[in-house]
Amino acid sequence: MTATGHAAPTVWRALLKQLSLLALVFGATGCVYFNGIYNAGSAAHSADRHLERGDEAGAARYFQQSAASAESVLVRHPTSAWRSRALLLAGRGAAYGGDCNAAESRLSEFLGTSSPRPTRDDSLRSVEARIALAACETRLGRPVVARARLDSLVGHRTVRVARLARLWASRAAYAVGDRRGAAAYLAGIDAAPFQWELVGLSMASGEFARAESLLAQRASRGDFREDATRAVRDLWGAGEWDAAERIVAGYDLARAGDANRASLHYALGDLSLRAGRDSMARRHLDLARGLAGRDTVLQSEVRARLALIGMSALSRVDDVDSVLASQPVLLQRSEYVRRLGEHVLLIRMFESAADSTGAALYLAGEVARDSVRSPRAATALFLRVARELPTAPLAPDAWRAAALLQPDSASPWTLTIQRDYPQSAAAAALNGQDPATRADFATTAALLRARWLEITARWTDSVRGLRTIRRSGEGAAPAPVVKRQ
């Protein structure tokens, strides 16, 4: 062979070795990208799409996936060329996924790195990191710092970025009590998710007019969530009955879906029934029945309530029991009738308890009043305590409880309290004094608590047994947790 012929294989071997090394390097880099960065970026993209639709709960799940994939790159390839991108993905994912402690360290490191020649994409990523960091600062109780960070970003030329900056700036403003500023940040954008948050915050702080105003805006757009039904119930519970009615009327006007409207009318019907407003209850329950369509569970519950709508007029627990027993089998399977039956059982157990303090019989009256919603039957039970056990610790409280339920008959009962029990907490309340200053205030509460715990423990066991029998006989759904209403 010639010298040239010998050299050729040597050159080829060297070239192949270099190509192999390049392949290894490229393969390692490609593996980092496709197995980590690509998956993290794809999850983040899905998360951002949920954010744009206002679905922050749905976005959080994808952000958590993004963070997990990016963290795998940071742990397995700490010096990779993709580290900066991984830091951003891990930080944003953690921030919006609910792990702000991890987010702050990753985002701070990312913002501390700078490209010698930043591109437009680099600038946008930096802005995204700053917004995510501000979100965590708001959640971790540093809204002033967050607001200062966001103020320069709310006018960003990228619409989705500006919207997210405004949302978090508004949250930061609200956190420091600047409600006007919070509203100003949201001007011009549809911030439905935050408005729902404001509804909850307004309800919690007793700002019912503001809550109603926000709900009215959502209703006018047909934007229904279960939060609307919850807010209607809360408004009603706070005594804002007219506000609750107006919200439901707003959803009716917007024709916000039959099932949604059925839920709202059912809520008002149920609440009206509990409050003894039978005519209003009937009107809303009839509307709920018409809108419920093929929702057999809701139809059953509505029909059960309509069938028992006059039960508040019954004056004896025996009558309540008889009415429940006379209902058709289909209605007896409804949760409403079952629950009423279980509470009647609880009343029976309190009635039959040997108790000279009057606590058990008094508790029977409370259950009849609050859970069975039978004020006349409750009055009868309270009067039994007062008349049959006049020297019992609960006697003055029983007279007062009866007086509150029957105002027309209250005058002689309140006179009895003031004459026969002048040192009682009940007398103090009647005289406009602080009941807690009287000795029986704490002792009667302790008696009631002890008797409640004792008897409801046995009642709970009985109810579990009954529900097991029902499930084996009817294939009913699992029973809810038993608790005091």
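About the thresholds
- Residues numbered from 1 in each chain as written.
- Predicted model: local features only at pLDDT ≥ 70, side-chain atom pairs only at ≥ 80, totals over all residues.
- Heavy atoms only, no water.
- pLDDT = per-residue confidence, 0-100.
- Helix = DSSP H or I, 4+ residues; strand = E, 2+ residues; numbered from the N terminus.
- Contact = heavy atoms within 4.5 Å.
- Axes fitted to C-alpha atoms, helices over the stretch in contact; angles between N-to-C directions.
- Parallel < 35°, antiparallel > 145°, perpendicular 65-115°, else oblique.
- Nonpolar A, V, L, I, M, F, W, Y, C, P; charged D, E, K, R; others polar.
- Disulfide = S-S within 2.5 Å.
- Buried < 20%, exposed > 50% of the residue type's maximum accessible area, 1.4 Å probe, protein only.
- Phe/Tyr/Trp six-rings, centres within 6.5 Å; stacked < 30°, edge-to-face > 60°.
- Lys NZ or Arg CZ within 6 Å of the ring centre and 35° of its normal.

(A) Structural view of the confidence of the model for the protein. When pLDDT is averaged along the protein, the result is 84; 87% of the residues meet or exceed 70. By mean pLDDT, the top-scoring element of the protein is helix α21 (residues 395–405) (95), and the lowest-scoring one is helix α1 (residues 3–52) (64). Note that pLDDT drops below 50 for residues 21–30; the model gives that stretch one contact with residues more than four away or on any other chain.

(B) Structural context of unusual backbone geometry. Of note in the backbone geometry, R255 takes a positive phi value of approximately 50 degrees without being a glycine. With a phi angle near 60 degrees, R373 is a residue other than glycine that sits in the positive phi range. Tracing the backbone shows R373 in the loop between α19 (359–370) and α20 (375–388).

(C) Structural detail: the packing of helix α7 (residues 159–175) against helix α8 (residues 179–186). Taken N-terminus to C-terminus, the directions of α7 and α8 make an angle of 175 degrees; their axes are 7 Å apart at the nearest point. In terms of axis orientation, α7 runs roughly antiparallel to α8. Residues R166, L167, A169, S170, A173 and Y174 of α7 touch α8, and the partners they reach there are R179, G181, A182, A183, Y185 and L186. Of the residues belonging to the contact of α7 with α8, the class tally is eight nonpolar, two polar and two charged.

(D) Geometry of the state of the cysteines. Here the structure, examined in full by the defined rule, presents one disulfide. For C100, the disulfide goes to C136, at an S-S distance of 2.3 Å. In this structure the cystine formed by C100 and C136 twists about its S-S bond by roughly -85 degrees; its chirality is therefore left-handed. Taken together, the positions of C100 in helix α4 (residues 100–112) and C136 in helix α5 (residues 120–139) put the pair 36 residues apart, joining distant regions of the chain. The exposure classification of C100 matches that of C136, with both residues buried.

(E) Quick look at the packing of aromatic side chains. Taken as a whole and assessed by the stated rule, the structure comprises six aromatic pairs. When the ring of Y362 is compared with that of F382, the centres are 5.0 Å apart and the planes differ by 50 degrees; the resulting orientation is tilted. Linking Y362 in helix α19 with F382 in helix α20, this pair joins segments that are 20 residues apart in sequence. Relative accessible area serves as the criterion here: at 0%, F382 is assigned to the buried category. On the basis of an interplanar angle of 40 degrees and a centroid distance of 6.3 Å, the ring pair of W399 and W413 is categorised as tilted. Of the two residues, W399 is situated in helix α21 and W413 in helix α22 (residues 410–420); the sequence distance between them amounts to 14 residues. Per residue, the accessibility class of W399 equals that of W413, and both read buried. The positively charged end of R171 is found above the aromatic ring belonging to W168, 4.5 Å away from the centroid.

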